[in-house]
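# A structural walkthrough
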Amino acid sequence: TYTDVTAHRRAEAALRQSEARHRLLADHATDMIVQADLDTTRRYVSPACRELLGFEPEELVGTRPLDGTHPEDATGLARILAELTAGRIDTATS
């Protein structure tokens, strides 16, 4: 019906606006924001990584955190990643 189509279009427009707002915040945050799959593959890395790590975001997308981790830090990071991906913790900061 006409009402269903109108409601659907409004919902789609609201979703696009919300996504644009979140992208704007992530792209301009001074903290590095990473979105990753459960296998820890990075799917989004915010531009703040340039200042914080010296990498372009595109260099990190498709990689995993353990790929470039110093061996002395790998065990601790692997433990944190396992906790995150298992859902035992929601966030991790370092």
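Residues numbered from 1 in each chain as written. Predicted model: local features only at pLDDT ≥ 70, side-chain atom pairs only at ≥ 80, totals over all residues. Heavy atoms only, no water.

The number of helices and strands found in the protein is four helices and two strands. Across the protein, helices and strands are ordered from the amino to the carboxyl terminus as α-β-β-α-α-α. Taking the principal axes of its C-alpha atoms as reference, the protein extends roughly 60 × 30 × 20 Å. By residue count, 16% of the 94 residues in the protein fall in the buried class. Considering only residue pairs separated by 6 or more positions, the protein has 8% of its internal contacts joining residues 24 or more positions apart. (Helix = DSSP H or I, 4+ residues; strand = E, 2+ residues; numbered from the N terminus. Buried < 20%, exposed > 50% of the residue type's maximum accessible area, 1.4 Å probe, protein only. Contact = heavy atoms within 4.5 Å.)

In the Ramachandran plot, T40 falls in the positive-phi region, its phi being about 75° despite a non-glycine side chain. For T40, the location among the structural elements is in the loop between β1 (34–36) and β2 (42–45).

On the surface, a cluster of nonpolar side chains totalling about 290 Å² of accessible area is made up of L52, L53 and F55. Looking at the secondary structure, you find L52 in helix α2 (residues 49–53). (Patch = residues over 30% accessible without salt bridge, like charges linked within 9 Å, V, L, I, M, F, W, Y side chains within 5 Å. Areas by Shrake-Rupley, 256 points an atom, 1.4 Å probe, with all protein chains shown as cover. Salt bridge = Lys/Arg side-chain N within 4 Å of Asp/Glu carboxyl O.)

Here the focus is the pairing of β2. Bridge count for β1 against β2 is three bridges, and the pairing is antiparallel. When the sheet's bridge partners are listed, Q35 is paired in β2 with Y44. Taken together, β1 and the strand that follows it, β2, pair antiparallel across an intervening segment of five residues, in which T40 is found at a positive phi of about 75°. (Pairing = 2+ DSSP bridges.)

The next thing to look at is the pattern of salt bridges. Note on pairing: side chains with opposite charge can pair once their charged atoms come close. Counted by the stated rule, this structure contains four salt bridges. For the salt bridge of R64 with D39, the shortest nitrogen-to-oxygen distance reads 3.0 Å. You can see R64 sitting in the loop between α3 (57–60) and α4 (71–85) and its partner D39 sitting in the loop between β1 and β2, a full 25 residues away along the chain. Judged by its relative accessible area of 36%, R64 falls in the partly exposed class. With its nearest N and O atoms 3.1 Å apart, the salt bridge here joins E83 to R88. On the basis of relative accessibility, which here comes to 26%, the residue E83 falls in the partly exposed class.

Geometric descriptors of this kind do not, in isolation, establish any biological role.
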